Each structure stands twice: as C-alpha cells, then as structure tokens.
Amino acid sequence: MLQPSLQQARRLPGIVAWAMRPLPLFPLEFALVRLLAGILERHPDLVGRLSGMERRRIAVEPDDLPFTVVLELQESTISLRIVRTLDIIPVHARIRGPLPVLIGLVDGVYDGDALFFSRDLVIEGDIEAVLALRNAIDDADVDLLGEVAATCAACGSPIDGIKRALEGILRAVLKTANRGHVQ
Amino acid sequence: MSRISLSLGPLLFNWPATRWRDFYARVADEAPVEFVYLGEVVCSKRQPFFSDVLPDVIARLERGGKTVILSSLALPTLQRELRYCAALAEASQMVEANDVSMLPHLAGHPHAIGPFISVYNETAARLLIDGGARRIALPPELPMASIAAIAGAAEGAEIEVWAFGRIPLAISARCYHARLYGRTKDSCQFVCENDPDGLRVDTLDDEKFLAINGVQTLSHTYCNLIFEAQELAKIGVSTLRLSPHTCDMVGVARVFRDVLDDACESSRAMRLLRAIAPDTAFSNGFAQGVNGATYVVR
Amino acid sequence: MTPHGPRTLELVCPAGTPASLRTAIEAGADAVYCGFRDETNARNFPGLNFSRDEMRASISYARERGAKVLIAINTFARAGDPGPWRRAVDDAAAFGANAVILADLGLLGYAATTHPRLRLHLSVQAAAASADSINFYVGRFGVKRVVLPRVLSVAEIAAVTRAVSCETETFAFGGLCVMTEGRCSLSSYATGKSPNMNGVCSPASHVSYRQDGDCLVSRLGEFTIDRSDSGRPVGYPTLCKGHFRTTAGQGYLFEEPVSLDARRLLPELRTAGVTAIKIEGRQRSRAYIKAVVAAFREALDALAAGTAVPIESLASMTEGQSVTSGAYRKAWR
C-alpha cells in the first residue's frame, strides 16, 4: 500500500484547487482544445493506436475540481469538451482521480496499472477504450510543459493569462506528482 | 460419410479402485464405444491406486471389443513422472501423448495425440502425423471452423473432438484441492477423492463457474455436442470423445450412438441427456465460436 | 557492449510500444521483447504493440545501443489461415530481429524451414516444462533458447538446464500465471477470447467494474471475479486471481492477486545455469518499465560485482501491491 503521506502528496495543493474553482469553462476549454491539437500534431502516431475505438467517449474527472473533461475518440483525431456535469452527455467510460495523478499519467510519471491497483485511480465503463487511450498516450511520450509553451506561443497574447495559469498549475502538480512518485 | 466412432476419454477424477474397476467392467460389456482411453492424466500421485487393477481392466475391455489406448500425464515434471512416461511408450497398446515430452519416446511408432497438446492448425497436425500420430484429439476450445480446417488436412490420422463432459480448461503445478484444505501438494491426503466429478467453484455472486480437480481446472458446464454431432461427422471428424463422469456414461454413449446412426432425433437425445445428468448445465460455446460457458441454441 | 559492466544473466525486458522499448534500453535492458500489432502475439491489447515501420525503426535503435530485439509471435496460428503468422516471421527475419519467440508447432516448422538462420526461442506458451519436451523442440526445430514455464522450482530449473541442449530463460518479475501457459482456456471459457488464439487473457473488452455499496465488484463477461471493500487494493479481473466460493471454503482459490519478484533468487538462478531472466509486462507503462528494469539492472550489476544490493520494494508497481517468489519455492504448490 502507499503510505498515507504519499497519498496526500498526490492531492492537488489546496491553493490551486481554490484558484481554479471560479475559472469560467469556455477559455479553459479553448486552451485545452488547442493544447490537445498541438499534442496530436506533434505525435501523429497517437491516434493510430486508437483504431477500433472510434466514437467512444471518455470522461476524465479530476475529483478535486468542479468540472469534467470529455474526450471523444474519432477516426483521425480526438475531440475535447469541458462540462460541469455528465447529465447532458453520455459517456462510455469514466476515469476519476486527483488532478496531479491524471496529469502525471499523461506526462509518463505514473504507471496507470499501479495507480489503479492502489485505487488512486478509479475507472468505470469501457475498460478497453481507457486502456487503448492510456497505451497511446504512454507511447507518445508527451512533455506537458513543453506542449503548453508551444501551444501558447502559437496562440499569441489573447491567452497569456490562461498560459500563466496553466503553467503555474502544471508546475505545481508535476512537482507534487514527482514527489508522490514511488521509486 | 464414413461411420463416426465414439471414445471414452481417460477418467480425469480420483475414484476409488473398486468404483474404477466396476465402471470399466460395465463399459466393456455395455457401452457402444470403440475406443477407451485409460490411465492417469492429471496427477501422478493417483497412479498407484489403480495400477494393480489396470491389467485386468485392459483385458476386460479388449475382450469386450474395445480398443484400449493408454493416456499419459498432461504435465510431467518430476523425474519419476518422466520415467513413467518413457516406460508407457513401451506398452503394447497405443499410447496417447498429452505432453510434448512423450513425443521423442513415440517417434516413428503409431500413436495418439491428446487434447492437452496444443494442435491449433493443420500445419501442426501434419507435423505430428509425419512423426507417427494416427489419432489427434483436438483442444476443446477450438471452434467448428478450425476443426473443419484441421480435419480436412489431416490425412493419415483420425480427428477426435471433445463432445461430452466437463471441459479441461487449465493445468497447474499447484494443487487447488490441497490449497483449499490448507495442505501442500506433497501432503494432500488425496482430498480430491471427495469430488468424483470435481469440486464446483462459484463466484461471489453465486454464478456457477468452474470445477477444480487437483491440479486441474475444468468448466462447471458439461460440454454437450449432441446437436453438432452430425455436422462434426460431415466435416471429417472421425471420433467423438465422451469424458467419464458419475452419471450413467453407458446411457450417454447410447444416446450419442443413436443420434449418429439416425436412430434418434437430436432434440429427443438432448432431453435424454438432461435426464441422465439432471443437475448439470450444458455448453457448446467453444464449438460455436463463442465463450465456452454458453449454450448456443440454434 | 552496453555500458553496464560484466554480464551475468541477460536481462530481457518487455516493451508494448516503441517508447517503452527506448525506456527499457535506457534503463539497462540487454534485450527487449515485443510484438506486432495483431493477434500474432500474446499481448494483443488495445493501443499496444508495433507497426511494421515502428518495429524496423526500433530494431535499428536497439542495435545502435547494443541491445537485442526479440519478437514474440507466440499465439497459435488460426487453422486455415496461417498467413498473418508466417508474414510476422518473415518480417521479423527481414528486419533483422535477434530472435523470434514462438510456441506453435506448425509455425516453428515453418520458421525452421523457411528461415534457417533465424534464431528461434521457444515461448513460455509452448509449456515445455521438462528436458524431454525441450529437447524435442531443439532436435526438431533447432530452438536455441527456451522460456521456462512458471511452474518449476529453482531446483527443477537447475536440473532442466543441465539436461537440455539449449539456453534457458526464466521469469523474474511481474504478473504471475498460476496455470501452465499455452494450455489455459479459462479466458476463452468466460469471454470467447483466448491467449492461445487471440493473444489476450481476461480481455478489457469484457471487463466491467460496478460499485455495490462499499464494494467494488469486478466482472469478466458474465462472471464476478472479485468484490473488494473500499480501501483494499484492487486487482484487474484476471480469472485465475479471482475470489471464488466452494462448499469446502472460499477465497483466492488459485492465487492471490500478487506479482512475482525473484530478485532475491538471482544468485540461485545464475548458479542453476540460467542464461536470461525475463520481466513480464508488455502491457504496462513506461513508468513501470523504467522502475522495474532499473531495479533489476542494479541487482544484476551488484551480482556480477559480488556486492550486496539493497532490494527496495517494487510492490507498489504490482497487482495486489505485494510480491511472491511463486513456484520457485516448492511450498507454493
């Protein structure tokens, strides 16, 4: 079992959670859509690994934040939207966990199976789609901070505020993730 | 279409010697089966129990007109087990190899390949036939299409298919009967003898799932290919294997024989088999190309 | 030579993706095993495995770093349709793989005849557990190495290794099959998908989890595999690690959801004459590969140098969050 202190380290720092609480969803969604587009552009093999999983919708729910990211696997891309509740949008699978854990998964710091075995991560629904997505992301070797910088450089000044916010959050959670990582 | 024959597979469970002898005596006299496989397949520790009565039983079966084939262990690892297998190859009866370790001993002699050797395609079957295999019992998980492809290319060998009885699903070095009773395999005290058809394994939601038999795991359901019997004959299968259970196996063999001889409708035969084994669930999922646990009604 | 000092046991590591292959080699793998993205390999999982281009590029990458690539083509070719399996062998040979890992008698025959210079390893899926059996494959197909089934004790491994005319490789870490591999139809009984035919065991497509009050119920097809109270570590619903009930008692009838960790047995395995040790987990992430491969590299280097190595826990990486030495200790039986 993980030590309690490590469990705690994987939680989002309170100040970050508080800062994100009032964030309007639209600019955040805009920023994440651009970020995802950039990742897919720089990692063209990622979508290829998802063949056979078309039209599956996966909800990614940071359990310390008041919104859910919904990813839809499509033929040659992945679409993204942010919702406050899943009542209006049916999904095939749900991945729930603290934001640092979810970010650490994308960044390759964590092993998804180990998090699942320890129950830091809760998965429901279409496990096959979740596994395919996990494997595709793991192979892409995504550098999230680099992706944020690249995305923001491409967008210019209108999202400077979001860039600063995202980078701040990322640094905080990656630091947390690395600290919480069991060697 | 050539006449399809029936075989009685090796008894997989731990029966007392008297029951064992009486069972085969009745088979010798009454069961319409052409082939009877004898010998311990699952656990070498059980061998001494019936080795004394084995010669008599062989003689009795042969007097009854049956062809006796001696089955080898599925997972020999100990030196004594390997020596036993090597000695078995010297028998005057045909030997069924249930592990590749038997093949060097049988090379060039006519022999049988048991369902525990992984023969999944015609290339593997041909290779074994070239080495002297004259009978090949296919792994029970093969779907009809694979059975047809192999049977169609297996000139020189008779193809046999698992048609009745709990399906062997796995074999291990670990004894699950002993483990369940808090014992090790070496000090098992033969607890598997409590369960002459295997010990039922249910899920925590009370679904009937598997059965354990020492180091072997079987299906809860009894495979029953009575509705497929005619079709199997058509695609070139030459023998249907019936696996011994405590239910009336002579009755089971008669029902299969009647269906193959067009003396009984399949649906009536199914009712008769249900009456013979009233407490069991039947399955044909493997042959039908779906999960083995289900019965596909056509 | 890779910069890891003198070799004792060859460290064979898993890779489900090209990124994992690079991670494994950076972390100190001597050899990496992987498969094509289809049903020809026994880890045919969604999103996993190598396209032809990825395989070609990965072999170059490995070769430049002095590491080997072993391609697992270890399912059994479908009757009437050997094409995909034969093409996999042909491509592995064409790409310059260091060896192919096979189990199917028919495919072994094809590879030995068509590519006589291709090095053949016998997969654990062939379930060759005795010297008689292994020597059959050596004599018939010229197999150079056998991956031993996870059913033998260390003493038996030593005896087998002495008696066979090829190298032996044995599992040292990861998910533990309690059943003899290559002979297990539990998964196809419950789901219709089999390790031997489809390259999957307890496939994700048939897995579901259901919250039932405080309990997490994990199901495979139509069967409940386990119910875990909240807080208790949870396992993937692999059939043989399930919690079941009989009239004589209930529990993990076959095996607890634990993983194998044989690091403490490395000296014994080396003495037994084993050539290579293998880490399981082609389906696992780069984070797992990095942590496990680095730990084994450290252990093997210490073994070679004759120094003691502190064995830090890898339990957090494993199913059930705990480890066992499995069948290597005879009492396991």
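If you're wondering where the values come from, they're calculated on a predicted model, not measured in any experiment.

Undergrad: Got a sec to walk through the overall build of chain A? Specific residues and values, please.
TA: In terms of regular secondary structure, chain A is built from nine helices and five strands. Across chain A, helices and strands are ordered from the amino to the carboxyl terminus as α-α-α-α-β-β-β-β-α-α-β-α-α-α. Counting only residues that meet the buried cut, chain A has 43% of its 183 residues in that class. For chain A, contacts bridging at least 24 residues in sequence account for 74% of all contacts bridging at least 6.

Undergrad: Would you mind going over the nonpolar core in detail, with residue names and values included?
TA: By size, the foremost hydrophobic cluster in this structure holds 268 residues, and its most contacted members are Ile136 and Phe256 of chain B together with Val32, Ile73, Val100 and Val292 of chain C. Top contributing element to this core by residue count: helix α10 (residues 286–305) of chain C, with ten residues. Each of domain 1 (10–176 + 258–332) and domain 2 (186–251) of chain C accounts for three or more of the residues forming this core. Beyond its immediate stretch of four places on either side in the chain, Val292 of chain C contacts Phe173, Ile279, Leu314 and Met317 of chain C.

Undergrad: A description of the sheet that holds strand β9 (residues 215–220) of chain C should follow, citing residues and the corresponding values.
TA: Residues and elements named next belong to chain C. The three strands lie next to each other as β8-β9-β10, forming an open sheet whose pairing is antiparallel. The outermost strands of the open sheet, each flanked by one partner alone, are β8 (207–212) and β10 (223–229). Ignoring which end each strand starts from, the neighbouring axes of this sheet average 20° apart.

Undergrad: Hey, could you go over the interface of chain C and chain B for me, with residue numbers and the actual values?
TA: Facing 54 residues of chain C, the contacting portion of chain B comprises 49 residues. Among the secondary structure elements, those contributing two or more residues to the side of chain C that touches chain B are α4 (105–114), α5 (131–141), α7 (186–191), α8 (195–198), β10 and β11 (244–246) of chain C. Considering each element in turn, the side of chain C that touches chain B owes the most residues, five residues, to α7 of chain C. Residue composition of the side of chain C that touches chain B, grouped by class: 26 nonpolar, 19 polar and nine charged.

Undergrad: How would you summarise the sheet that holds strand β1 (residues 57–62) of chain A if you had to cite specific residues and measurements?
TA: All names here are of chain A. A sheet is described by the order of its strands in space; here five strands give the open sequence β3-β2-β1-β4-β5, paired in mixed fashion. With one partner strand each, in any of the chains shown, β3 (78–83) and β5 (122–125) form the two edges of the open sheet. Sheet twist, expressed as the mean angle between neighbouring strand axes with direction ignored, is 20°. Of the strand pairs in this sheet, strand β2 (residues 68–73) and β3 are connected by six bridges, and their pairing is antiparallel. Along β3, the bridge assignment pairs Thr68 with Val83. Helix-sheet contacts for helix α3 (residues 25–42) involve β2 and β3, and the interaxial angle to β3 is about 160°.

Undergrad: Could you give me a rundown of helix α10 (residues 249–260) of chain B, with the residues and numbers involved?
TA: Residue and element names in this part refer to chain B. Spanning twelve residues, α10 covers 16 Å between terminal C-alpha atoms, matching the ideal 16 Å at 1.5 Å per step. Looking at the buried residues of α10, the elements they touch are β1 (5–8), α1 (17–30), β7 (158–171), α9 (229–234), β11 (239–242) and α11 (266–276). Asp262 sits one or two positions beyond α10 and adopts a positive phi of about 60°.

Undergrad: Can you tell me about the interface of chain C and chain A, naming the residues and giving the values?
TA: By a frequent convention, interface size equals the accessible area lost on bringing the separate parts together. Each partner contributes residues to the interface: chain C has 26 residues there, and chain A has 30 residues. Every element with two or more residues in the side of chain C that touches chain A is listed here: α1 (18–26), β8 and α10 of chain C. Among the elements that line the side of chain C that touches chain A, the one with the most residues is α10 of chain C, at four residues. Its residues assigned to classes, the side of chain C that touches chain A shows 14 nonpolar, nine polar and three charged.

Undergrad: Go over the confidence of the model for chain A, please, and point to the residues and values.
TA: Residue and element names in this part refer to chain A. Here chain A shows a mean pLDDT of 80. Residues at 70 or above account for 78%. Per-element confidence in chain A ranges from a low mean pLDDT of 43 for helix α1 (residues 4–9) to a high of 95 for β1. Low pLDDT, under 50, characterises residues 1–8; the stretch is placed with nine contacts to residues that sit more than four places away or in other chains.

Undergrad: Explain the pairing of β9 of chain C to me, and be specific about the residues and the numbers.
TA: Residues and elements named next belong to chain C. For β8 and β9, the ladder comprises six bridges, and the chain directions are antiparallel. Each residue of the ladder has a partner; that of Gln211, found in β9, is Leu216. Counted along the chain from β8 to the antiparallel partner β9, the turn is two residues long, and its residue Gly213 has a positive phi close to 65°. One ladder, built from six bridges, connects β9 with β10; its direction is antiparallel. When the bridges of β10 are listed, Cys215 appears paired with Asp229. Hairpin connection from β9 to β10: two residues lie between these consecutive antiparallel strands, with Gly221 at a positive phi of about 60°.

Undergrad: Report on the pairing of strand β8 (residues 199–203) of chain B, specifying residues and quantitative values.
TA: A regular strand places its side chains so that they alternate between the two faces of the sheet. The alternating pattern of β8 of chain B places Leu199, Val201 and Thr203 of chain B on a buried face and Arg200 and Asp202 of chain B on a face that is not buried. The antiparallel hairpin formed by β8 of chain B and strand β9 (residues 208–213) of chain B contains four residues in its connecting segment, where Asp206 of chain B sits at a positive phi of about 65°. Where β8 of chain B and β11 of chain C come together, two bridges link them in antiparallel fashion. The partner of Thr203 of chain B across the bridge, within β11 of chain C, is Phe244 of chain C.

Undergrad: If you had to explain the arrangement of the chains to someone new, which residues and values would you point to?
TA: Of all two pairs of chains sharing an interface, the pair with the highest contact count is chains B and C. Taking C-alpha atoms only, the smallest gap left between chain A and chain B, which are not in contact, amounts to 18 Å.

Undergrad: Help me get a handle on the packing of helix α3 (residues 83–95) of chain C against α4 of chain C, residues and values and all.
TA: All names here are of chain C. At their nearest, the axes of α3 and α4 sit 10 Å apart, and the two run at 40° to each other. Considering their axes alone, α3 and α4 lie oblique with respect to each other. Crossing of α3 against α4: the hand is right-handed. Facing Trp85, Arg86 and Val89 of α3, the residues of α4 in contact are Leu107, Tyr110 and Ala111. Considering only residue class, the contact of α3 with α4 consists of five nonpolar, no polar and one charged.

Undergrad: Could you give me a rundown of the packing of α1 of chain C against helix α2 (residues 52–64) of chain C, with the residues and numbers involved?
TA: All names here are of chain C. Running from N to C, α1 and α2 point in directions that differ by 10°, and their axes come no closer than 10 Å. Here α1 is positioned roughly parallel relative to α2, judged by the angle of their axes. Touching Pro18, Leu21, Arg22 and Ile25 of α1 are Glu54, Ser58, Tyr61 and Ala62, all from α2.

Reading guide: rules and limits
Residues numbered from 1 in each chain as written. Chains lettered and ligands numbered in written order. Predicted model: local features only at pLDDT ≥ 70, side-chain atom pairs only at ≥ 80, totals over all residues. Helix = DSSP H or I, 4+ residues; strand = E, 2+ residues; numbered from the N terminus. Buried ≥ 20, exposed ≤ 12 C-beta atoms within 10 Å, placed from the backbone. Contact = placed C-beta atoms within 7 Å. Core = buried A, V, L, I, M, F, W, Y, C linked by C-beta atoms within 7 Å. Domains from an automatic or database assignment. Pairing = 2+ DSSP bridges. Axes fitted to C-alpha atoms, helices over the stretch in contact; angles between N-to-C directions. Nonpolar A, V, L, I, M, F, W, Y, C, P; charged D, E, K, R; others polar. Expected span 1.5 Å × (residues − 1). pLDDT = per-residue confidence, 0-100. Parallel < 35°, antiparallel > 145°, perpendicular 65-115°, else oblique. Left-handed = near helix turned anticlockwise from the far one by under 90°.

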